[in-house]
Amino acid sequence: MLGRVRPAGAVVLIETAFAKVNLALHVRRRRGDGYHDIESLFVFVDSGDVLRAELRDDGVLALSIDGPFAAGLDDGPENLVLRAANSLKLSAWPTPALANTDGGAQFGANLYLTKNLPVASGIGGGSADAAAALRLLNRLWRCGLDDAALCAIGETLGSDIPACVISHTLRVDGRGEALAPLDLPGLAGTPILLINPGIPLGTAPVFKGWDQHDRGTLDSSSLAAIIDSGRNDLEAPARALVPEIGAVLDTLDAQPGVLLCRMSGSGATCFALFRSGADTDAAHQAIRRAYPDWWAMRGTLR
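Residues numbered from 1 in each chain as written. Predicted model: local features only at pLDDT ≥ 70, side-chain atom pairs only at ≥ 80, totals over all residues. Heavy atoms only, no water.

Participant: Sorry if this is basic, but what is going on with the environment of Cys 261 here?
Facilitator: Tracing the backbone through its elements, the reader meets Cys 261 in strand β8 (residues 258–263). Sequence separation between Cys 261 and Leu 249 is 12 residues, and the spatial gap between their C-alpha atoms is 6.8 Å. Discounting residues that sit within four places of it in the chain, Cys 261 has contacts with Leu 249, Leu 252, Asp 253, Phe 271 and Ala 272. (Helix = DSSP H or I, 4+ residues; strand = E, 2+ residues; numbered from the N terminus. Contact = heavy atoms within 4.5 Å.)

Here's what the structure looks like:
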């Protein structure tokens, strides 16, 4: 970890890396470039990891990680937060905001990531953290870039990062690069409960296990359509690798007030949408009592 230099009167800003949830994920085909064409509805929870940035005037970017899921995470240059920070710095330089008045060193930042979300869990993870870094440093350094410019930077780092930059409900197509904002009545503010059995699950082996059977297009015209005809085509291969996903889904589905219960992304995190906050709280308490080793987070959709 690099040493810290705190400029006099340093500015500190905070950004949330919002957890990403796939309300549905239809895998249509494997492409010749090794990626898969997908159709998905991305929503974002009002909670997640937390990133703080402290301005420094020597051009150095440094990262510290704490929180319940910090163990084992690398705070070196290959971390997506630092990669995003460096990419933004290269894209925005030179601007007057990024140089001292005497033409000296570029601004840098001390970055502090509190890792609240489990790693390799199908809810954004590193992509959400990288997106938060782009939004945060864009403000801290006064780069003045709009979302489209930040998304273009993010796309060079990972397929989900542009969506996480926006962090509002999106229809996602292609390999994840085609984003269309959606405003589905009744979705924003819906209570949600996320549960993970505590087992990391990599994306690549789950996609490798997909049976390559196209089960049809995603109807994202309404929340009712998502509930009635949506699905997650990666659930079966994920359950084959982590059978505990089945227990999580069964437990969530048995709770009173559930509107929709499904796995997110490539797993192993599962979620349930609820009719009310009271139902969500009751389910959260009941599951924590019954399965204290499972990770759980409640929130509402943005």
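Participant: Please explain the packing of aromatic side chains as it appears in this structure.
Facilitator: What characterises a pair of aromatic rings is the spacing of the ring centres plus the angle enclosed by the ring planes. Summed over the entire model, instances satisfying the criterion amount to 1 aromatic pair. Aromatic side chains Tyr 291 and Trp 294 sit 3.9 Å apart centroid to centroid with 5 degrees between the ring planes, which places their arrangement in the stacked category. Looking at Tyr 291, the relative accessible area reads 34%, which means it is partly exposed. Relative accessible area serves as the criterion here: at 12%, Trp 294 is assigned to the buried category. The aromatic ring of Phe 42 is capped on one face by Lys 20, whose charged end is 5.1 Å from the ring centroid. Here the guanidinium or amino end of Arg 302 rests over the ring plane of Phe 18, the centre of that ring lying 3.8 Å away. (Phe/Tyr/Trp six-rings, centres within 6.5 Å; stacked < 30°, edge-to-face > 60°. Buried < 20%, exposed > 50% of the residue type's maximum accessible area, 1.4 Å probe, protein only. Lys NZ or Arg CZ within 6 Å of the ring centre and 35° of its normal.)

Participant: Would you mind going over the side chain of Asp 37 with me for this structure?
Facilitator: With respect to the secondary-structure elements, Asp 37 resides in strand β2 (residues 36–56). On the basis of relative accessibility, which here comes to 14%, the residue Asp 37 falls in the buried class. Here the side chain of Asp 37 touches Arg 29 through a polar contact of 2.7 Å, side chain to side chain. (Polar contact = N/O pair within 3.5 Å; in protein donor to acceptor, adjacent residues only side chain to side chain.)

Participant: What is the right way to look at helix α9 (residues 277–290) in this model?
Facilitator: Because the α-helix completes a turn every 3.6 residues, residues three or four places apart line up on one side. Over its 14 residues, α9 extends 20 Å from the first C-alpha to the last, a length consistent with the 20 Å expected when each residue adds 1.5 Å. In the core, the buried residues of α9 are packed alongside β7 (191–196), α8 (244–253), β9 (270–274) and β10 (295–300). (Expected span 1.5 Å × (residues − 1).)

Participant: Can you help me understand the sheet that holds β7 in this one?
Facilitator: By definition, the strands of a sheet pair up through backbone hydrogen bonds, in either a parallel or an antiparallel sense. The antiparallel open sheet is built from 4 strands, whose spatial order is β8-β9-β7-β10. Each edge of the open sheet is held by one strand with a lone partner, namely β8 and β10. On average, each strand axis in the sheet is tilted by 15 degrees relative to the strand beside it, whichever way the strands run. Strand contacts of α9: β7, β9 and β10, with the helix running at about 15 degrees to β7, the strand carrying the most contacts. (Pairing = 2+ DSSP bridges. Axes fitted to C-alpha atoms, helices over the stretch in contact; angles between N-to-C directions.)

Participant: Just to check I follow, could you spell out the layout of surface pockets for this structure?
Facilitator: Rolled over the atoms, a probe as big as a water molecule pinpoints where empty space is left. By volume, the largest pocket is sized at about 980 Å³. Along its surface, the largest pocket is lined by 42 residues, and Gly 124, Ser 127, Asp 160, Thr 203 and Ser 266 are the ones closest to its centre. Elements represented by at least two residues in the lining of the largest pocket include exactly β1 (12–30), β2, α1 (80–92), α2 (126–140) and α5 (203–208). For the lining of the largest pocket, the class distribution of residues is 17 nonpolar, 17 polar and 8 charged. (1 Å grid on protein atoms, 1.4 Å probe; cavity = no way out; pocket = protein on both sides within 12 Å on 5 of 7 lines; lining within 4 Å. Points joined across faces, edges and corners; volume = space filled by probe spheres on them. Nonpolar A, V, L, I, M, F, W, Y, C, P; charged D, E, K, R; others polar.)

Participant: I tried to follow the pattern of salt bridges on my own but got confused; where do I start?
Facilitator: It is possible for side chains bearing opposite charge to pair when their charged atoms get close. Enumeration over the complete set of coordinates arrives at 16 salt bridges. A salt bridge links Arg 135 to Glu 15; the shortest N-O distance between them is 2.7 Å. Taken together, the positions of Arg 135 in helix α2 and Glu 15 in strand β1 put the pair 120 residues apart, joining distant regions of the chain. For the pair Arg 135 and Glu 15, one class covers both residues: buried. The salt bridge involving Arg 31 is made with Asp 37; its shortest N-O contact spans 3.1 Å. (Salt bridge = Lys/Arg side-chain N within 4 Å of Asp/Glu carboxyl O.)

Participant: Looking at this structure, I do not really get the packing of α1 against α2. What am I missing?
Facilitator: Each packed pair of helices is defined by two parameters, the angle between the axes and the distance between the axes. Where α1 meets α2, the closest approach of the two axes is 8 Å, and the angle between their N-to-C directions is 35 degrees. In terms of crossing hand, the pair formed by α1 and α2 is right-handed. For the pair α1 and α2, contact is made by Leu 80, Val 81, Ala 84, Ala 85 and Leu 88 and by Gly 126, Ser 127, Asp 129, Ala 130, Ala 133, Leu 134, Leu 137 and Asn 138, respectively. Here the contact of α1 with α2 is built from residues that sort into 9 nonpolar, 3 polar and 1 charged. (Left-handed = near helix turned anticlockwise from the far one by under 90°.)

Participant: Whenever I open this one, the nonpolar core confuses me. Can you help?
Facilitator: Generally speaking, a soluble globular protein has its nonpolar side chains buried in company with each other. With 68 residues, the main nonpolar core has Leu 111, Leu 137, Trp 141 and Ile 245 as its most contacted residues. For this core, the leading source of residues is α2, giving 9 residues. With near-sequence residues (within four places) excluded, Ile 245 lies in contact with Leu 201, Ala 238, Arg 239, Met 263, Ala 268 and Cys 270. In this structure, Val 21, Ala 24, Ile 123 and Leu 218 belong to the second largest nonpolar core, which totals 22 residues. (Core = buried A, V, L, I, M, F, W, Y, C linked by side-chain atoms within 4.5 Å.)

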